[in-house]
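The chain contents come next:
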Amino acid sequence: MRLRTDIFVSALLRRVFAKGGFAAVEAKGADEAGAVFIRQHFRDGLETLYGPAPQSFFDEETTGGRLFEQRLTRKEPDRIREMLERERKFDPDLWIIELEADDLGDIVPLVDERQNPL
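Residues numbered from 1 in each chain as written. Predicted model: local features only at pLDDT ≥ 70, side-chain atom pairs only at ≥ 80, totals over all residues. Heavy atoms only, no water.

Colleague: Provide a residue-level description of helix α2 (residues 77–90), including the pertinent values.
Modeller: Taking 1.5 Å per residue, 14 residues should reach 20 Å; α2 reaches 20 Å between its end C-alpha atoms and fits that length. Here α2 has its buried residues at P77, I80, M83 and L84. When α2 is viewed along its axis, its buried side chains cluster within an angular range of 130° and face the same direction. In α2, the exposed residues that point more than 90 degrees away from the buried face are R86 and K89. (Helix = DSSP H or I, 4+ residues; strand = E, 2+ residues; numbered from the N terminus. Expected span 1.5 Å × (residues − 1). Buried < 20%, exposed > 50% of the residue type's maximum accessible area, 1.4 Å probe, protein only. Arc of directions from axis to C-beta.)

Colleague: Just give me the short version of the nonpolar core, but keep the residues and values in it.
Modeller: Counting 17 residues, the largest nonpolar core has V36, I38, I97, L99 and V108 as the members making the most contacts within it. For this core, the elements supplying multiple residues, two or more each, are α1 (5–18), β2 (36–41) and β5 (95–100). The biggest single contributor to this core is α1, with five residues. Once you skip the residues sitting within four places of it in the chain, I97 turns out to touch V9, L12, L13, A24, V25, V36, F37, I38 and R39. Among the nonpolar cores identified, the runner-up in size contains 10 residues, and A35, L72, M83 and L84 belong to it. (Core = buried A, V, L, I, M, F, W, Y, C linked by side-chain atoms within 4.5 Å. Contact = heavy atoms within 4.5 Å.)

Colleague: So what's going on with the packing of aromatic side chains? Residues and values would help.
Modeller: Applying the stated rule across the entire model yields two aromatic pairs. With 5.9 Å between their ring centres and 25° between their planes, F8 and F68 make a pair best called stacked. Of the two residues, F8 is situated in helix α1 and F68 in strand β4 (residues 68–75); the sequence distance between them amounts to 60 residues. Pair check on accessibility: F8 and F68 agree, each one buried. When the ring of F17 is compared with that of F22, the centres are 6.2 Å apart and the planes differ by 65°; the resulting orientation is edge-to-face. Relative accessible area serves as the criterion here: at 43%, F22 is assigned to the partly exposed category. Over the ring of F8 we find R66; its NZ or CZ atom is 5.3 Å from the centre of that ring. Over the ring of F42 we find R74, and its NZ or CZ is 4.1 Å from the ring centre. (Phe/Tyr/Trp six-rings, centres within 6.5 Å; stacked < 30°, edge-to-face > 60°. Lys NZ or Arg CZ within 6 Å of the ring centre and 35° of its normal.)

Interpretation in functional terms is not warranted from these geometric data alone.
Printed below as a string of structure tokens:
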């Protein structure tokens, strides 16, 4: 069983604050099962966008968790905004979280591209 999205986002915000970063909810989606997108802001004005990983990255051990993949890396904020607008047209119940943290480290569970079974 997957953790509710509102609880996952709350825990994510607390982890960011505990590491000395800043986080905010830009757009709130469905409490129970909304998809989560993360905008990581850098000091040079660029951003990285993380989105839900494809199902091919999940196995029996990770079916209840959440994994993220980089969708856009160190791009202008307008490019990130455009991609999120396209995603929102497809799924209006998604969450958008903004983070200001230099290293996501153990804050956000990321997939390893080499582990994709396809």
